[in-house]
Structures are given as structure tokens and as C-alpha cells.
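Chain by chain, the residues:
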Amino acid sequence: MNMKALVYKGPKDIQVENVPVPDIGEYDVLIKLKYCGVCGTDIHIYNGEGGAFDVTPPLIMGHEFSGIVEKVGPKVKKVSVGDLVTVDPNQMCGECYFCKNAMEQFCENVIGIGTTIDGGFAQYCVVAEKQVFKFKEGISPLIASMAEPVSCCVHGIDLCNIKHGDEVLIIGGGPIGMIMLQLAKMAGASKVILSEIVSEKRELAKKLGADITINPLEEDVLTILKDNCKNINVVIECVGNVKTIENAIEWAGKGATVMMYGLTGPDAKLEIKPDVVFKKELKLTSAFINPYTFERTVAILESGRLNLEDLITDIVELDDSKCVFKDESYRKRGKVVIKLND
């Protein structure tokens, strides 16, 4: 039995091909996929810049997906045929130093679905049962496919240590910035400000709960923050650009945490003035994948408290999916999701 898949052959080379449906083992689940989101990591891999883990083509990328359980191995217990599921794509060994010291995101033997092994840009995917998370009835498969990016954002929010009453600045109004905005409000921020150059994204941010939006190309950010805030306690940079990361450090308040969440190219370098970090006693941090957050993320999605529908700007058929990687306008609009089966 064959299926269609978008196969990464090497830098700038992806093709929709017919490939065999993978076999399942006794602890595995075969999922008939519904949707798979396109992540910045996928774009970096396509461009030959690598991802979170080493990539060896040919590879079926895609790690943000949902689907319906099609078949289960004889020793699978927690899901059944017909269940709507999503997948934590990072399968840890549980045995290395980092796994045994509560730092599983640095697992020395990690299996990355969609990065080190075939993933979700296909009609079917085989996944170990322990990586599969079931949704309650009534959840949209489209929303379920957003579990992985939300889980990564939850880890980032955890590291920001937002306290009730904090003032939070988000830089960048893409899908990740909009998720962070909503999670910051849920975490107790009294005021959330978004810096974003695109007017439509600023309007969406207001709909999602932003208290103030700023166009940094036309407005003086520091003046607006001084006039409207007591102290920016947390800055979350969601662009992945050297300039905006430097802005994050400049705009942060005293004692602030600066979360460098946006993914830069591997050779990017910052110019940081240690005197600024010292005088403001800043805490510079970042977030790597999604340790210990997937169960909570499923609960958040099931609660309906996140607006994710408005973040998805394009749903592209698998047959047409190459264009998402070749045409940058897709990514500039918002979240792109590939539809894999009806």
C-alpha cells in the first residue's frame, strides 16, 4: 500500500512522491493524518540550515500534526482505532544523563519525528504509542494539529516566570507571537504589548487581548513604553532576527527576563552591551523544544481558551505543498497548514 508524501531530498529540493505506508510494531500506532503545520524549523531544513536535530535526507519532514488512529499494534493500550490524536515528535531515551536529570530536551539519543525520522507531511505516519496524545470528542483536527507549537510556547512561558501583574512585551506578531500573547495573559500578565510592523497583525493582536500595539518602524517604542508602563518585566522575542533580539534587550525593564524565542540562522551573532545587561540586571534566556509540556497543552486546547483559528491563514493541499517552501508570501501572512487527507 502506498501513500503520498512530501519528501525532502536535500537543500531546496522537495518533491511530492508515492512511498510505501510504513509498517507498525507491537507498541506502535498508525495514524491517518489530517493536518500538519509548517514550522520555521521545516523552512530552515529546506534551506539547508539544519533544524533542532541533525537531518539526513531523504526525509519526510513535518512535526506539527493531527490525525485519526487507523491501526494499533497488539500491545497498544491507551488509544484505539478512530481516536483523534496528536503527537509529541520528540521521543526521548529516558536513560542518558540529561533524561535522568530533568533536562530531557537535551536527550543524547533523541528520536525526532519529522527531523531524524519520517514525520507528518504524508498521508500516514507511524508513531510509538508513548508519543501519542488523545483528544476528547468535539475537538477540531485542525486545532489538534497546533498542539506541538503551543507546547513549545508553553515551555517558553514557563521559563519567563510571569507573575500576576507583570507587564509583558511581545516582539513579532506571527503565529508564535500571537500564541505567546494569549499564554502571557493566561499566566497573569496585567498588560501585554505587541510590537509588529504589519497593521493587520496588530489588529488581530488587539482582538486576542493585546493592551497596546506598536509599529516600531513608525513609533518610538521606548517613549510609548515609558508613557504606558511602569516596568517591562518580560520581553518575548518571536521574530528570530538579530536586530529584534537587540531591541528586546534595549526595551526590557529593570530585572526583566528576555526570552530569545525566535529561531535565527545558526551563524547569527548579536552585539550586546554587557553594561546594559548589568545595569538592568537582565536575565537572558531561550527555549529549546517542549519538555514536560504536552499533556498540559492538550488540556489547554481542550479548554478552548486559546484562539488558534484566526492564526491559520492558509490550508494547502498536499499535492500543492511545495509552493509553501518556495513562496515566502505564505509565511509572511501567518500559519500555514498542509491538508493530508479528507
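This text goes with the structure placed above it.
Please read these numbers as outputs of a predicted model, since none were measured by experiment.

Engineer: Outline the packing of helix H3 (residues 147-160) against helix H9 (residues 294-303), listing residues and values.
Structural biologist: Two numbers describe how H3 lies on H9: the axes approach to 9 Å, and their chain directions differ by 110°. Between H3 and H9, the angle falls in the class roughly perpendicular. Note that H3 runs across H9; the crossing there is right-handed. Every residue of H9 that contacts H3 at Ala147, Glu148, Val150, Ser151, Val154 and Asp158 is listed here: Phe294, Arg296, Thr297, Ile300 and Leu301. Tallied by class, residues from the contact of H3 with H9 come to 6 nonpolar, 2 polar and 3 charged.

Engineer: Tell me what's going on with unusual backbone geometry, and back it up with residues and numbers.
Structural biologist: The omega angle of the peptide bond from Pro57 to Pro58 is 0°, so this bond is cis rather than trans. Tracing the backbone shows Pro58 in the loop between helix H1 (40-46) and strand E4 (59-60).

Engineer: Tell me about the sheet that holds strand E11 (residues 167-171), residues and numbers included.
Structural biologist: Ordered by their spatial adjacency, 6 strands build an open sheet running E13-E12-E11-E14-E15-E16, and the pairing between neighbours is parallel. Each edge of the open sheet carries a strand with a single partner, namely strand E13 (212-214) and strand E16 (283-285). Neighbour-to-neighbour, the strand axes of the sheet open up by a mean angle of 15°, direction not taken into account. Alignment of E11 against strand E14 (residues 234-237), held across 4 bridges, turns out to be parallel. Within E14, the residue paired with Leu169 across the bridge is Val235. Here helix H5 (residues 199-207) sits on the sheet in contact with strand E12 (191-195) and E13, set at roughly 170° to E13.

Engineer: Go over the pairing of strand E18 (residues 335-339), please, and point to the residues and values.
Structural biologist: Most of E18 is tucked away: 4 of the 5 residues are buried. The pairing of strand E3 (residues 28-37) with E18 spans 3 bridges and is classified as antiparallel. From the neighbouring strand, Cys36 faces E18, where its bridge partner is Ile338. Pairing between strand E17 (residues 312-317) and E18: 5 bridges, direction parallel.

Engineer: Could you give an account of the nonpolar core, with specific residues and numbers?
Structural biologist: By size, the foremost hydrophobic cluster in this structure holds 47 residues, and its most contacted members are Val168, Ile236 and Leu308. Those elements that provide at least two residues to this core are helix H2 (141-144), H3, E11, helix H4 (175-187), E12, H5, E14 and H9. With 7 residues, the top contributor of residues to this core is H3. In terms of nonpolar packing, the next biggest core, distinct from the first, is built from 42 residues, Ile43, Ile113, Val127 and Val336 among them.

Engineer: Residues and numbers for the environment of Leu6, please.
Structural biologist: Relative to the assigned elements, Leu6 resides in strand E1 (residues 2-10). For the pair Leu6 and Phe121, spaced 115 residues apart in the sequence, the C-alpha separation amounts to 5.5 Å. Residue contacts for Leu6: discarding those within four places in its chain leaves Ile14, Gln15, Val16, Leu59, Ile60, Met61, Phe121, Leu318, Ser321, Lys322 and Phe325.

Engineer: Before we move on, could you go through the sheet that holds E1 and cite the residues and values that matter?
Structural biologist: The strand order E2-E1-E4 describes an open sheet built from 3 strands, whose pairing is antiparallel. For this open sheet the edge positions go to strand E2 (13-20) and E4, each flanked by a neighbour on one side alone. One ladder, built from 2 bridges, connects E1 with E4; its direction is antiparallel. By the bridge assignment, Tyr8 is partnered in E4 with Leu59.

Engineer: Lay out the packing of H3 against H4 in plain terms, naming residues and giving numbers.
Structural biologist: Packed helices, taken two at a time, are described by their axes: the angle between them and the distance between them. Close contact between H3 and H4 brings their axes to 10 Å; oriented N to C, the two are set at 50°. By the angle between their directions, the pair H3 and H4 is classed as oblique. At the point where H3 passes H4, the crossing takes the right-handed sense. Where H3 approaches H4, its residues Pro149, Val150, Cys153, Val154, Gly156 and Ile157 are matched on the opposing element by Ile176, Ile179, Met180, Leu183, Ala184 and Ala187. Taken together, the residues of the contact of H3 with H4 break down into 11 nonpolar, 1 polar and no charged.

Engineer: Let's hear about H5: which residues, and what values?
Structural biologist: When we look at burial in H5, the residues that qualify are Lys201, Arg202, Leu204 and Ala205. Along H5, the residues classed as buried sweep out an arc of 160° about the axis, all on the same side. Of the exposed residues in H5, the ones pointing more than 90 degrees away from its buried face are Glu200 and Lys207. Elements in contact with the buried residues of H5: H4, E12, E13 and helix H11 (329-333). Count one or two residues on from H5 and you reach Gly209, which has phi positive near 115°.

What counts, and where the lines are drawn
Residues numbered from 1 in each chain as written. Predicted model: local features only at pLDDT ≥ 70, side-chain atom pairs only at ≥ 80, totals over all residues. Heavy atoms only, no water. Axes fitted to C-alpha atoms, helices over the stretch in contact; angles between N-to-C directions. Helix = DSSP H or I, 4+ residues; strand = E, 2+ residues; numbered from the N terminus. Parallel < 35°, antiparallel > 145°, perpendicular 65-115°, else oblique. Left-handed = near helix turned anticlockwise from the far one by under 90°. Contact = heavy atoms within 4.5 Å. Nonpolar A, V, L, I, M, F, W, Y, C, P; charged D, E, K, R; others polar. Pairing = 2+ DSSP bridges. Buried < 20%, exposed > 50% of the residue type's maximum accessible area, 1.4 Å probe, protein only. Core = buried A, V, L, I, M, F, W, Y, C linked by side-chain atoms within 4.5 Å. Arc of directions from axis to C-beta.

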